[in-house]
Amino acid sequence: MTNVSLNLGFKASPDESVDTVMKSLLEDATRKIIAGIGEEKIKSIILTGSVARGEGSGIVTDHGVDVFSDFDLM
């Protein structure tokens, strides 16, 4: 599997920390999928839904970043 780094905005908020957290969560979910299924069995992982459209929801609070969107992965 080829690791491709995309330069995308995943959220509607202008705050870059929301985008950073969403990217980190997405990378973590992708690693878990690869570990659970096995890299040799995966041809691709596709992100769909609101996060893929740049409409993901998240806000910055006093306690950090709260992400309200889930990741739709196929």
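Our structure's up above, just so we're on the same page.
Take the overall build of the chain next. Looking only at helices and strands, the chain features one helix and four strands. In sequence order, the secondary structure elements of the chain are arranged as α-β-β-β-β. Looking at the chain as a whole, 19% of its 74 residues qualify as buried. Taking all contacts inside the chain whose residues are at least 6 apart in sequence as the whole, residues at least 24 apart take part in 59%. For the chain, the accessible surface area stands at approximately 5,300 Å², while carbon and sulfur atoms represent 52% of it.

Turning to the nonpolar core, a few remarks are in order. Within the largest apolar cluster, five residues are counted, these being Phe-10, Val-18, Met-22, Leu-26 and Val-51. For Met-22, the residues in contact, after removing those within four places along its chain, are Phe-10, Lys-11, Val-51, Gly-56, Ser-57, Val-67, Ser-69 and Phe-71.

For helix H1 (residues 16–37), which comprises 22 residues, the first-to-last C-alpha distance of 32 Å matches the rise-based estimate of 32 Å (1.5 Å per residue) to within 8%. Among the residues making up H1, those that are buried are Val-18, Asp-19, Met-22 and Leu-26. Seen end-on, H1 carries its buried residues on one side only, within an arc spanning 95 degrees. Residues Glu-16, Thr-20, Lys-32 and Ala-35 are exposed on H1 and point more than 90 degrees away from its buried face. For H1, the elements touching its buried residues are strand E1 (47–48), strand E2 (58–61), strand E3 (64–67) and strand E4 (72–73). Where H1 ends, the next residue or the one after it, Gly-38, has phi of about 105 degrees, a positive value.

Now for the side chain of Ser-69. Mapped onto the secondary structure, Ser-69 falls in the loop between E3 and E4. Under the relative-accessibility criterion, Ser-69 is labelled buried at 15%. Here Ser-57 takes part through its backbone nitrogen, which lies 2.5 Å from a polar atom of the side chain of Ser-69. Other than its neighbours up to four places away in sequence, Ser-69 contacts Met-22, Ser-50, Val-51, Glu-55, Gly-56 and Ser-57.

The next point concerns the pattern of salt bridges. On inspection of all chains with the given rule, the structure shows three salt bridges. Measuring nitrogen to oxygen at the nearest pair gives 4.0 Å for the salt bridge that ties Asp-28 to Arg-31. Of this pair, Asp-28 and Arg-31 both sit in helix H1, separated by three residues, roughly a single helical turn. Relative accessible area serves as the criterion here: at 30%, Asp-28 is assigned to the partly exposed category. Note that Lys-32 is salt-bridged to Asp-28, the shortest N-O span being 3.4 Å. Placement of both Lys-32 and Asp-28 in helix H1 is noted, with a separation of four residues, approximately one turn of the helix. Because the salt bridges share partners, they merge into one network encompassing Asp-28, Arg-31 and Lys-32.

Cut-offs used in this document
- Within each chain, residue numbers correspond to sequence positions counted from 1 in written order.
- The model is predicted, so local features are restricted to residues of pLDDT at least 70 and side-chain atom pairs to those at 80 or more, both for listing and for counting; the totals for chains, interfaces and linings are taken over all residues.
- Working from all heavy atoms in the structure, the side-chain values ignore hydrogens and water.
- Put simply, DSSP marks the helices as runs of H or I at least four residues long and the strands as runs of E at least two long, and each gets a number from the N terminus on.
- Throughout this description, buried means an accessible area under 20% of the type-specific maximum (1.4 Å probe, protein chains only), exposed means over 50%, and partly exposed covers the range between.
- Contact between two residues is taken to exist if any of their heavy atoms lie within 4.5 Å; hydrogens are not considered.
- Values of accessible area rely on a 1.4 Å probe in the Shrake-Rupley scheme; residue burial ignores everything except the protein chains shown.
- Buried Ala, Val, Leu, Ile, Met, Phe, Trp, Tyr and Cys residues form a nonpolar core when they are joined through side-chain atoms within 4.5 Å.
- A helix is expected to span 1.5 Å for every residue after the first.
- Regarding the arc, it is the one traced by the directions from the helix axis to the C-beta atoms.
- We define a polar contact as two N or O atoms separated by no more than 3.5 Å, with the added condition that, inside protein, one atom must be a possible hydrogen donor and the other a possible acceptor, whereas residues neighbouring each other in sequence contribute only through side-chain atom pairs.
- One side-chain nitrogen of Lys or Arg within 4 Å of one carboxyl oxygen of Asp or Glu is enough to make a salt bridge.

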